Amino acid sequence: MKIATFNINGIKARIDALPAWLKEAQPDVALLQEIKSVDEAFPRTVFEDMGYNLETHGQKSFNGVAILSKLPLEDVTRGLPGDETDEQARYIEATVMGDTAPVRVCGLYLPNGNPAPGPKYDYKLDWMARLYDRAKALLADETTFVMAGDYNIIPQAEDAAKPESWREDALFRLESRTAFRRLLNLGLTEAFRARTQGPGHYSFWDYQAGAWNRNNGIRIDHLLLSPQAADMLVDCQIDKEVRGRDKPSDHVPVWVDLAA
DNA sequence: ATGTCAACAGTATGTTGA
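Each value, and the rule that gives it
Residues numbered from 1 in each chain as written. Chains lettered and ligands numbered in written order. Predicted model: local features only at pLDDT ≥ 70, side-chain atom pairs only at ≥ 80, totals over all residues. Heavy atoms only, no water. Helix = DSSP H or I, 4+ residues; strand = E, 2+ residues; numbered from the N terminus. Buried < 20%, exposed > 50% of the residue type's maximum accessible area, 1.4 Å probe, protein only. Contact = heavy atoms within 4.5 Å. Areas by Shrake-Rupley, 256 points an atom, 1.4 Å probe, with all protein chains shown as cover. Lys, Arg positive; Asp, Glu negative; His and termini not counted. Charge placed at Lys NZ, Arg CZ, Asp CG, Glu CD. Salt bridge = Lys/Arg side-chain N within 4 Å of Asp/Glu carboxyl O. Arc of directions from axis to C-beta. 1 Å grid on protein atoms, 1.4 Å probe; cavity = no way out; pocket = protein on both sides within 12 Å on 5 of 7 lines; lining within 4 Å. Points joined across faces, edges and corners; volume = space filled by probe spheres on them. Nonpolar A, V, L, I, M, F, W, Y, C, P; charged D, E, K, R; others polar. Disulfide = S-S within 2.5 Å. UniProt positions renumbered as here; feature names shortened; annotations may be inferred. Polar contact = N/O pair within 3.5 Å; in protein donor to acceptor, adjacent residues only side chain to side chain. Pairing = 2+ DSSP bridges. Axes fitted to C-alpha atoms, helices over the stretch in contact; angles between N-to-C directions.

**Q** Explain the overall build of chain A here, please?
**A** Each helix and strand in chain A was counted, giving 6 helices and 14 strands. Expressed as lengths along the three principal axes of its C-alpha atoms, the size of chain A is roughly 45 × 45 × 40 Å. When each of the 260 residues of chain A is scored for burial, the buried share is 54%. For chain A, the proportion of contacts with a sequence separation of at least 24, taken over those separated by at least 6, is 68%. Put simply, chain A shows about 11,200 Å² of open surface, and 48% of that area lies on carbon and sulfur atoms. Taken as two groups, the 30 positive and 39 negative side-chain charges of chain A have centres that lie 5 Å from each other.

**Q** What is the right way to read the pattern of salt bridges from this model?
**A** Tallying each qualifying case throughout the model produces 13 salt bridges. The salt bridge involving R44 is made with E48; its shortest N-O contact spans 3.1 Å. Pair noted here: R44 and E48 are both in helix α2 (residues 44–48), with a separation of 4 residues, about one helical turn. R219 is the partner of E190 in a salt bridge, and the nearest nitrogen-oxygen pair spans 2.9 Å. One end of the pair, E190, is in strand β9 (residues 189–190); the other, R219, is in the loop between β11 (217–218) and β12 (221–225), and 29 residues separate them in sequence. A network of salt bridges, in which partner residues are shared, links E158, D159, E190, R193 and R219.

**Q** Before we go on, may I ask you to explain helix α1 (residues 17–25) in this structure?
**A** Because each turn of an α-helix spans 3.6 residues, side chains separated by three or four positions end up pointing in the same direction. Buried within α1 we find L18, P19, W21, L22 and A25. The buried residues of α1 occupy an angular sector of 160° when the element is viewed end-on, so they sit on one face. On the buried face of α1, the contacting elements are β1 (2–7), β2 (29–33), α2 and β4 (65–69). At the C-terminal side of α1, Q26 shows a positive phi close to 50°.

**Q** I'm lost on the layout of surface pockets in this one. Help?
**A** By rolling a water-sized probe across the atoms, one finds the places where empty space is left. Here the largest pocket is characterised by a volume of approximately 420 Å³. Lining the largest pocket are 21 residues, and of these Y109, P111, N112, G113 and N152 sit closest to its centre. Partitioning the lining of the largest pocket into residue classes produces 9 nonpolar, 7 polar and 5 charged.

**Q** What should I look at first to understand the state of the cysteines in this one?
**A** Every disulfide links exactly two cysteines, by a covalent bond between their sulfur atoms. Overall, the coordinates contain 0 disulfides when judged by the stated rule. Residue C236 stays outside any disulfide, its sulfur separated by 16 Å from that of C106, the closest cysteine.

**Q** Would you mind going over the UniProt feature "site: Interaction with DNA substrate" (unreviewed entry) in chain A with me for this structure?
**A** Per the UniProt record, the feature "site: Interaction with DNA substrate" (unreviewed entry) sits at H251. Polar side-chain contacts of H251 include one of 3.5 Å to the side chain of N7.

**Q** Is there a simple way to explain the sheet that holds strand β5 (residues 73–78) in this structure?
**A** In a beta sheet, neighbouring strands are held together by backbone hydrogen bonds and run either parallel or antiparallel to one another. Pairing in this open sheet of 6 strands is mixed, and the strands run β5-β6-β7-β8-β12-β9 from one edge to the other. Each edge of the open sheet is held by one strand with a lone partner, namely β5 and β9. Sheet topology places strand β8 (residues 145–150) next to β12; 5 bridges connect them, and they run antiparallel. Residue pairing across strands places D150 opposite D221, the latter belonging to β12. Helix-sheet contacts for helix α3 (residues 119–140) involve β6 (91–97), β7 (102–109) and β8, and the interaxial angle to β8 is about 160°. Against the sheet, helix α4 (residues 174–184) engages β9 and β12, with an angle of about 30° to β12.

Written out as structure tokens, the structure reads:
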């Protein structure tokens, strides 16, 4: 089962690039972030005609997440538990009925948190604490799950071309990395690092200042696997070349292949 | 050289968020 995460930065703006990548990459499941659309405005038929089931959790203008799946989806839930007052659409879960095993997929768009410190950063850390609680609950049930999306976290210095320029940024400051480590230390496996070591692997290049041409990137899109899912890990890759195409998102897809 | 993009409100371009 091929499961991808992709921050598309607007479904309307990516209405050609996203289907083109889907046709070529053929993921069974695609977890999308920043659809920047309300549910009613999402162009469903484009994807349904390609054989995808579709579940959205949208919001006007900003944020918004979605799940595309060629396999049946069950038990869809929207929103990250733990704060009834949180109105930002950043989290969706569903169970994908695989041929050999069901897999719970959790699609997330973690808050950016800048400027840090400040209220936006407090929201980010609070959101990460809620995500920790959610992971802990899923682990307690021994659910096979993949928690994937735009984490807005640079895990280590080697995950940035210019780590010094991110030192006090909400994506890299110590409290952010600590919260991410804490999540991993529950017993989750960061899929990319389970298979590939070393610097120079990025999933985001800013639109500004020629970041792509200079390869000034950061790795902030991650797939975290439960122990059961980690046992099924076959491959994990970053589709880097997507960034160099027409009308690209500033992020590229990252995917895992699970023997599920 | 701080060199971009997307959505929105509301009609031209400024604001917001990344």
